[in-house]
Amino acid sequence: MANATIYGSTSDGALRKDGASWAACQAATPSVNTGGVAAYILRMLSRGTYSLQRLAFAFDVSPYAGDTITAATLQLYLDDATDAIQADLYYYDWGTSLEAGDWVSVGSMVLAATSTPSGYGYQTWTLDSLSNILSKNGRFILVLHDESTEPTGINYLHYLMADNGSNKPKLDITYTTGGGAAHLWIPSHHDGGLYERMAGGL
């Protein structure tokens, strides 16, 4: 077995809905925001406007396509929160770029793990249904657990994203190689992450 840490891709981002009523908010076409250094998952009523926001994360797991992942955790850095709210992490392949149509019902996604914050700093989701890490191409959606409950105030969790200079999202995996090839670490020129790549001929 071997271990690897995969840092999040800067294609990550947020999906947000707003409306003058709770029903209008739920039915709204979401806006898409990418490129920020930090973002919220939230459920909010503020100044007469209802809002919901989810986060989307991506990790390059393509070098492990022939391998078997036997354990995995996803870590996000929390730097602000209204209170300790459960955050639900789902597997969902939203492709190479986040779009409004990637807001789907939680029932159509696969639950990966849940986590309730314990202070600030890195928060950990210990992932279940590990085959989905590869089958969903390292894509995830993060949602407040009580997202479907009409808000009476402001509830949020605020996390650092891949564009941040430090404390980036990270996926730690334990795996067994499928093809007997060796792995080596190389830097990514695309988003500054560090990835383990297959080395052929061994």
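Residues numbered from 1 in each chain as written. Predicted model: local features only at pLDDT ≥ 70, side-chain atom pairs only at ≥ 80, totals over all residues. Heavy atoms only, no water.

Draft legend 1. View of the overall build of the chain. Of the regular secondary structure elements, the chain holds two helices and 14 strands. Across the 202 residues that make up the chain, the buried fraction comes to 49%. Working note: accessible area of the chain is about 8,900 Å², and carbon and sulfur atoms make up 49% of it. (Helix = DSSP H or I, 4+ residues; strand = E, 2+ residues; numbered from the N terminus. Buried < 20%, exposed > 50% of the residue type's maximum accessible area, 1.4 Å probe, protein only. Areas by Shrake-Rupley, 256 points an atom, 1.4 Å probe, with all protein chains shown as cover.)

Draft legend 2. Here's a closer look at the packing of aromatic side chains. Overall, the coordinates contain seven aromatic pairs when judged by the stated rule. Between Tyr 40 and Tyr 156, the ring centres sit 4.7 Å apart and the planes meet at 80 degrees, which makes this aromatic pair edge-to-face. Highlighted residues: Tyr 40 in strand 4 (residues 38-46) and Tyr 156 in strand 11 (residues 154-160), separated in sequence by 116 residues. Since its relative accessible area comes to 31%, Tyr 40 is described here as partly exposed. Judged by centre distance (5.3 Å) and plane angle (40 degrees), the ring pair of Tyr 91 and Phe 140 falls under tilted. Note that Tyr 91 is positioned in strand 7 (residues 87-91) and Phe 140 in strand 10 (residues 139-144), a separation of 49 residues in sequence. We classify Tyr 91 as buried; its relative accessible area is 1%. (Phe/Tyr/Trp six-rings, centres within 6.5 Å; stacked < 30°, edge-to-face > 60°.)

Draft legend 3. Highlighting the pairing of strand 2 (residues 13-19). Counting buried positions along strand 2 gives five out of seven residues, so the element sits mostly inside the fold. With four bridges connecting them, strand 2 and strand 3 (residues 31-34) associate as antiparallel partners. Paired with Gly 13 across the strands is Thr 34, a residue of strand 3. (Pairing = 2+ DSSP bridges.)

Draft legend 4. How the structure looks around the side chain of Glu 147. Within the fold, Glu 147 resides in the loop between strand 10 and strand 11. For Glu 147, the residues in contact, after removing those within four places along its chain, are Trp 22, Arg 43, Leu 52, Arg 54 and Trp 103. (Contact = heavy atoms within 4.5 Å.)

Draft legend 5. Spotlight on the confidence of the model for the chain. On average, residues of the chain score 91 in pLDDT, and 88% of them are at 70 or above. Under a pLDDT of 50 for its full length, residues 180-185 has, in the predicted model, 28 contacts with residues more than four places off or in other chains. Across residues 194-202 the pLDDT falls below 50, and counting only partners more than four positions away or on other chains, this stretch makes 40 contacts in the model. (pLDDT = per-residue confidence, 0-100.)

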